[in-house]
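Read off the chains here:
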Amino acid sequence: MFEPRYYRNLGLEEIARKVSEGERLTIDDGEKLFACPEVTAVGALAHLARTRLHGKSAYYVVNRHINYSNICVNGCRFCAFSRKKGDPLSFELSEEQILEKAGAGGRALTEIHVVGGCHPDLPLSFFENIIGRIREVQPHAFIKAFTAVEVAHFAKKEGVSVGEVLARLKSAGVRMLPGGGAEVFSDRVRKLLCPEKLDAAGWLDVVRQAHETGIRSNATMLYGHIETPRERVEHMAALRELQDGTGGFVCFIPLAFQPSNTPLGPMAPTTGVDDLKTIAVSRLMLDNIAHIKAYWVMLTVKLAQTALYFGADDFDGTVVEEKIGHMAGARSQQGMTRGEIERIIREGGFEPVERDSLFRPVSGNAARQG
Ligand code: SF4
């Protein structure tokens, strides 16, 4: 399939061979892919890997995001979302407001995604109650809630183990962790950008325990700030290693850093080529994670559509209202309809597949019991 001379000239002949034969890539291979000046060469390899797994299918979900509060005890320097208590731009939704959003005007949702800051006061019982009430409003929706960072925060605040928090959230109705808070696992970067936050080993440990408890998860990577290409690849390799042990990751979500309004100050945003290359390298490195998301909220709809040719197979979903990326300057719209997403996918040359959180196909307007 590949012209060997073309890949030889780029110094990628051996990597192209490994991809053709389904062999695992090393961290050095990933770094070489990032260094390749021709994004289409990397993209073609990723497209081969993506097509092998998913053919022409491109997935999306009818979902809604609910950000319950942006009040956070941490002060990550890449975060434009969080505020301290009392700040005029802080917010905290009441139980009624959360339920109104979950109710979605009487429409059935397939997935509800709930995350917020590490709130200094809200007890774990508040979240158990909220999840239970959301289930009453949307009995068939799959509830994907709380990052590993929030889970560790609940445990610390309550003085209980992470295992107990996970067990209580599971019994309240949490079926999956959305995978945020991973940022970049590099200790160097975390020390500079988010020293108060759960460290990399802690994030991986919470997620490992979640998988062992039967709570699946996604995994994110925030890129495009001060990390090096190698640190991105090392992040992917750490996830790949955990996945070899647990098999609990469903989807990997590269998140382009949005520099506006963050304490990091003026920085150039990522370029389209960097976004596409990062998605492509993710597909190639993460041979044991089935899905790679082109998160249109951060990428823009047009680039997310293009990313379907660079290794991505998931478009995320209808979202409805998103605060985390938009407070950091994301210029995409707030939500998309099922029809809009299907049109974008079809015009890209792919077949839209409406899915649930575990990527099982669902059909029509009715959300299905997971
Ligand atoms: S990234 Fe998360 S943990 Fe860090 S300040 Fe923002 S909301 Fe808080």
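As shown above, the structure is provided for reference.
These notes cover the structure that comes with them.

What counts and what doesn't
Residues numbered from 1 in each chain as written. Predicted model: local features only at pLDDT ≥ 70, side-chain atom pairs only at ≥ 80, totals over all residues. Heavy atoms only, no water. Buried < 20%, exposed > 50% of the residue type's maximum accessible area, 1.4 Å probe, protein only. Helix = DSSP H or I, 4+ residues; strand = E, 2+ residues; numbered from the N terminus. Pairing = 2+ DSSP bridges. Right-handed = clockwise from strand over helix to strand, strands pointing away. Expected span 1.5 Å × (residues − 1). Contact = heavy atoms within 4.5 Å. Near = heavy atom within 4 Å. Nonpolar A, V, L, I, M, F, W, Y, C, P; charged D, E, K, R; others polar.

## Considering the pairing of strand 3 (residues 111–115)
- Summarising burial for strand 3: five of the five residues are buried, a large majority.
- Side-chain alternation along strand 3 places Glu-111, His-113 and Val-115 on one buried face and Ile-112 and Val-114 on a second face that is also buried.
- Bridge count between strand 2 (residues 63–67) and strand 3: five bridges; the pairing is parallel. Its bridge partner lying in strand 3, Asn-63 is registered against Glu-111.
- Sheet analysis places strand 3 next to strand 4 (residues 142–145), joined by four bridges and oriented parallel. By the bridge assignment for strand 4, Ile-112 is matched with Ile-143.
- Between strand 3 and its parallel partner strand 4, the chain crosses via helix 6 (residues 124–137), and the hand of that crossover is right-handed.

## Remarks on helix 11 (residues 229–246)
- Over its 18 residues, helix 11 extends 26 Å from the first C-alpha to the last, a length consistent with the 26 Å expected when each residue adds 1.5 Å.
- Within helix 11, burial applies to Glu-231, Arg-232, Val-233, His-235, Met-236, Ala-237, Leu-239, Arg-240, Leu-242 and Gln-243.
- Against the buried residues of helix 11 lie helix 3 (27–35), helix 9 (187–193), helix 10 (200–213), strand 6 (216–223), strand 7 (249–256) and helix 12 (272–285).
- Gly-247, located one to two residues past helix 11, shows a positive phi value of around 65°.

## Observations concerning the site of the ligand
- Close to the ligand lie Cys-72, Asn-74, Cys-76, Phe-78, Cys-79, Phe-81, Ser-82, Gly-117 and Lys-197.
- For the shell around the ligand, the class distribution of residues is five nonpolar, three polar and one charged.

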